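What follows is the residue order along each chain.
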Amino acid sequence: MNGILPVFRRSLRESWRSLLGWTVGLAAVLFLYLPLYPSLAGDGQLEAMISSLPKELVDTLGYDQIATGAGYAQSTFFGLIGFLLLTIAAVTWGSSAIAGAEESGRAELDLAHGIGRGQYALESAFAVLVRLLWLGVFSGLVVWALNDAAELGLEDWRIVGASAALTGLSFLTASAALLAGAATGRRIWATGVGAGIAVLGYVLQAIARQSDDLEWLNALSPYAWVYRQPPLAEGVDAGGLALTWGLALVFVVASVFAFRARDLRG
């Protein structure tokens with residue numbers, strides 16, 4: 001393999017169809033859900049739906065502010081469907097970056113051609129990050145484009161913050177999968193750790209919303225770090241956003257050391 005950033009370039013070249021698919025999927029979701037807001041809010045359907053649901057379920061799903069444009073976009077996309085889709089993409093890409101390449105034999109072949117393990121891990125992480133950044137930026141642009149037509153009333157800078165939060169959450173998930181793959185060389189472990197981080201974060205914040213006595217669980221939930229303060233309504237929590245991105249970068253660095261330390265022949 002020759003040239004600058006060979007692993008990164010090959011990863012992007014070979015995954016463009018997958019990236020296009022995720023892009024189309026996100027666009028479909030946004031164009032399906034966001035334009036419904038004016039009709040749902042105008043005739044009181046949202047209020048009726050909320051009042052018909054148990055309070056515990058409303059709190060768990062974050063539907064308490066769904067009657068507002070910011071609450072609707074947060075509840076339907078950034079906090080739920082968009083979060084789910086980017087999490088799946090992040091786990092898929094993060095688990096295949098090192099563990100998947102190792103199980104297929106590609107990683108060993110690449111390393112035999114003079115690519116260092118540290119370089120391999122960093123370029124793999126960079127390729128995953130670029131794809132997730134694209135999905136996050138694209139989502140934000142579509143929300144911005146639909147903002148007026150869907151009567152959401154969102155401020156531009158808050159859309160940027162919500163997109164950064166969603167991307168940060170997904171990259172944290174991907175970097176956790178990357179680290180598990182670098183440490184074990186097994187895709188099943190990488191997938192489990194990545195998905196586990198995302199699911200545990202969501203569950204902990206959901207439990208924390210049920211009682212004031214359980215609010216301390218938010219400190220353990222990456223989902224709560226960026227969403228406990230609604231980014232579209234109040235602006236993103238800068239501290240939580242920095243913590244999420246910072247921990248993701250720590251996982252990437254740890255992946256480098258884990259991959260270097262492990263015997264690939266074992």
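Residues numbered from 1 in each chain as written. Predicted model: local features only at pLDDT ≥ 70, side-chain atom pairs only at ≥ 80, totals over all residues. Heavy atoms only, no water.

1. So, the overall build of the chain
Counting its regular elements, the chain contains 13 helices and 0 strands. Going from the N terminus to the C terminus, the chain shows its helices and strands as α-α-α-α-α-α-α-α-α-α-α-α-α. At 20 Å, the chain has a C-alpha radius of gyration in line with the 18 Å of a compact globule built from 266 residues. Looking at the chain as a whole, 50% of its 266 residues are labelled buried. The long-range fraction of contacts in the chain, counting pairs at least 24 apart against all pairs at least 6 apart in sequence, stands at 74%. By element, 66% of the accessible surface of the chain is carried by carbon and sulfur atoms, the whole surface being about 12,300 Å². Looking at charge distribution, the chain has the averaged site of its 16 positive side-chain charges lying 17 Å from that of its 21 negative ones. (Helix = DSSP H or I, 4+ residues; strand = E, 2+ residues; numbered from the N terminus. Rg over C-alpha atoms; globule rule 2.2 N^0.38 Å. Buried < 20%, exposed > 50% of the residue type's maximum accessible area, 1.4 Å probe, protein only. Contact = heavy atoms within 4.5 Å. Areas by Shrake-Rupley, 256 points an atom, 1.4 Å probe, with all protein chains shown as cover. Lys, Arg positive; Asp, Glu negative; His and termini not counted. Charge placed at Lys NZ, Arg CZ, Asp CG, Glu CD.)

2. A closer look at the packing of aromatic side chains
Counting across every chain of the model gives 10 aromatic pairs. Consider the rings of Tyr120 and Phe259, whose centres lie 6.0 Å apart with planes at 40 degrees: the pair is tilted. Here Tyr120, found in helix 8 (residues 117-146), pairs with Phe259, found in helix 13 (residues 238-261); they are 139 residues apart in sequence, far enough to count as distant. For Tyr120, a relative accessible area of 1% puts it in the buried group. Taking relative accessible area as the criterion, Phe259 reaches 0% and is therefore assigned buried. (Phe/Tyr/Trp six-rings, centres within 6.5 Å; stacked < 30°, edge-to-face > 60°.)

3. Some remarks on unusual backbone geometry
For Leu5, which is not a glycine, the phi torsion comes out positive at approximately 50 degrees. By relative accessible area, Leu5 is classed as partly exposed at 34%. Its identity as a non-glycine residue notwithstanding, Glu151 has a phi of 55 degrees, on the positive side. As for its position among the elements, Glu151 is in the loop between helix 8 and helix 9 (156-184). By relative accessible area, which is 53% here, Glu151 ends up exposed.

4. Concerning the environment of Ala261
Positionally, Ala261 belongs in helix 13. Once the C-alpha coordinates of Ala261 and Trp157 are considered, the two residues, 104 residues apart in sequence, prove to be 43 Å apart.

So far we have only geometry, and geometry alone does not tell us how the molecule works.
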